[in-house]
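Notes for the structure review
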Amino acid sequence: MANRRHTFRLYPNKTQEKKLLETRRLHCYLYNACIADRNYEYRVNKKSITYLDQQNCLPEFKECWVEYKELHSQSLQATVKRVDFAFNSFFLGIRKRPKFQSIRKYSGWTYPAKSGWKAHTNGKHGALTLNDLRINLRMRGKTKTWGVPTTLTIVYRPTKREWYASITVNIPDVTPKFGAESDLEYKSMVAYDLGCATALTLYNGTEFEELENPRFTQKTEEKIKKQSKKLRRKRSPNHKKKIKASNRWRKNRKKVSQLQKKCANQRKNWQHQVTSEIASRYDIGVTEKLNIKGMTRKTKTSKGHKQKAGLNKSLLSVGFGELNKMLTYKIEEKGGLMIILDTKKIKPSQRCPECGHVHKEWANLSNRYHICDNCGFEIPRDKGSVMVMYNVANNKQKGLGTSLSKCGCLSSTSTNRKHTGSMKQLGQMKHQKFQLKEGVVLETPSSYEAG
Ligand SMILES: [Zn+2]
């Protein structure tokens, strides 16, 4: 089953909006409380708090803060989970240390499962019921594909005072339809690789194609920088000192947020265009397993720190994960196939596409142009690795086994997607933990008796 996310705009009336704002405030306070808890425990007791510790505290927390009792318990867990995600990505070096969130900026909350809400729609407009708030909201929006709704996130845009419902739906998998009746062909295969200098390198067996990073997002980013510099010179609000924002500051901030939105839209638009175009031309996509977390990780030594930061930025600005996801679902939607190769076994960037010799020194990212000392084959790095990937999927790569399954390759449709960190899984873990605790409790009296 594949998941797809759709966003609808919500139209609450005044009493409904009051309730929504109140709920958002409670979730924001919970978020901050969780951060404070983690910080305190670490500073005073040198103890790191896990998600489960905090989740198990929730019932007790609700006894103290009665207003939380009305809210859906899973949505509270999801907010605690947000703190966990924030800290985890901080530990990975992807973002800064999580800070307390201001209620002015806090976005919303999530219902991580099917319970607690209901969407009355078939993909075009409709209504949304939130059981814990006992409200029924009008909802507008259109989708191409609709399925079984699984999770819901309520999003508030404070600058525009707009409410949105972001719903993930489960849609049935399309089985690959190659054969006599279908017009899809095994031959139309493309191998692609994501890089930083060129965003995408494609190879279809005969010719290469390189796609540049979109320049327009960089231009918009420059504009954002310029405008935010202007913004910093204007009188910003200080709520502690009761200083109001100046009108110029407000106007300028609006400009910045509009530009940021524009940048995001441009990027998304570019991604959709590129992936739709590729998916329309090819029936089989070949790529390697991508480890963005590893690629964007903070360097541990001070040396090379800046270099890596630049790489991080360009990697994230193209939005690699997003691009891969889009291409996968677009190819699969038309009945095509996505083949994901095991990077460790195939080593596309270190292998010579001509003779299959593995060069360890090619692993270094600064090696942009590869010359094989075994057979004398010359090729730029990115092109070489897509060529290897294409050959492997075509069973023509020398120096490797002939069977795809031997190389440890996965087709995206055949793998069982892991639901990491899902609420169900966490529930099971919690269950196990409680069982362990009970075991300890049962044992202690007998040991006391023995002593
Ligand atoms: Zn060679």
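Residues numbered from 1 in each chain as written. Predicted model: local features only at pLDDT ≥ 70, side-chain atom pairs only at ≥ 80, totals over all residues. Heavy atoms only, no water.

1. Comments concerning helix α1 (residues 14-45)
Our working rule: Helix and strand assignments follow DSSP, with helices taken as H or I runs no shorter than four residues and strands as E runs no shorter than two, numbered in order from the N terminus. Expected helix span is given by 1.5 Å per residue-to-residue step, counting one fewer step than there are residues.
For α1, built from 32 residues, the straight-helix expectation of 46 Å at 1.5 Å per residue is met to within 8% by its first-to-last C-alpha distance of 46 Å. Directly after α1, the chain includes Lys-46, whose backbone phi takes a positive value near 55°.

2. Thoughts on helix α3 (residues 73-92)
A rise of 1.5 Å per residue sets the reference length of α3, with its 20 residues, at 28 Å; its end C-alpha atoms lie 29 Å apart and thus fit the reference within 8%. Gly-93 occupies a position one or two residues after α3 and carries a positive phi of about 90°.

3. Side note on the coordination of the zinc ion
Worth spelling out the cut-off: Water is not among the atoms examined, so metal sites may look incomplete; donors are the N, O and S atoms within 2.8 Å of the metal, or within 3.2 Å for Na, K and Ca. In short, tetrahedral needs four donors with all angles between 85 and 135 degrees, square planar needs four and octahedral six donors with opposite donors over 155 degrees apart and all other angles between 65 and 115, and whatever is left is irregular. For each residue, the accessible area found with a 1.4 Å probe, counting protein chains only, is set against the maximum for its type, and the residue is called buried under 20%, exposed over 50%, and partly exposed in between.
Protein coordination at the zinc ion: the donors are Cys-352 (SG), Cys-355 (SG), Cys-372 (SG) and Cys-375 (SG), at 2.3 Å from the metal. Viewed at the metal, the four donor atoms of the zinc ion are separated by angles of 107 to 112°, and the geometry they form is tetrahedral. The motif formed by the donor residues of the zinc ion, counted along the single chain, is C-x2-C-x16-C-x2-C. When its relative accessible area of 2% is taken as the criterion, Cys-372 is described as buried.

4. Remarks on the packing of helix α5 (residues 247-281) against helix α8 (residues 320-333)
As a reminder, the rule being used: Axis lines are fitted to C-alpha atoms, over the contacting stretch for helices. Their N-to-C directions set the angle, which ranges from 0 to 180 degrees. Crossing handedness follows the turn of the near helix against the far one: under a right angle anticlockwise gives a left-handed crossing, and clockwise gives a right-handed one. For this analysis, residues touch if any pair of their heavy atoms sits within 4.5 Å.
Following both chains from N to C, one finds α5 and α8 inclined at 40°, their axes separated by 9 Å at the closest point. Crossing of α5 against α8: the hand is right-handed. For the pair α5 and α8, contact is made by Lys-268, Trp-270, Gln-271, His-272, Thr-275, Ser-276, Ile-278 and Ala-279 and by Glu-322, Leu-323, Met-326, Leu-327, Tyr-329, Lys-330 and Ile-331, respectively.

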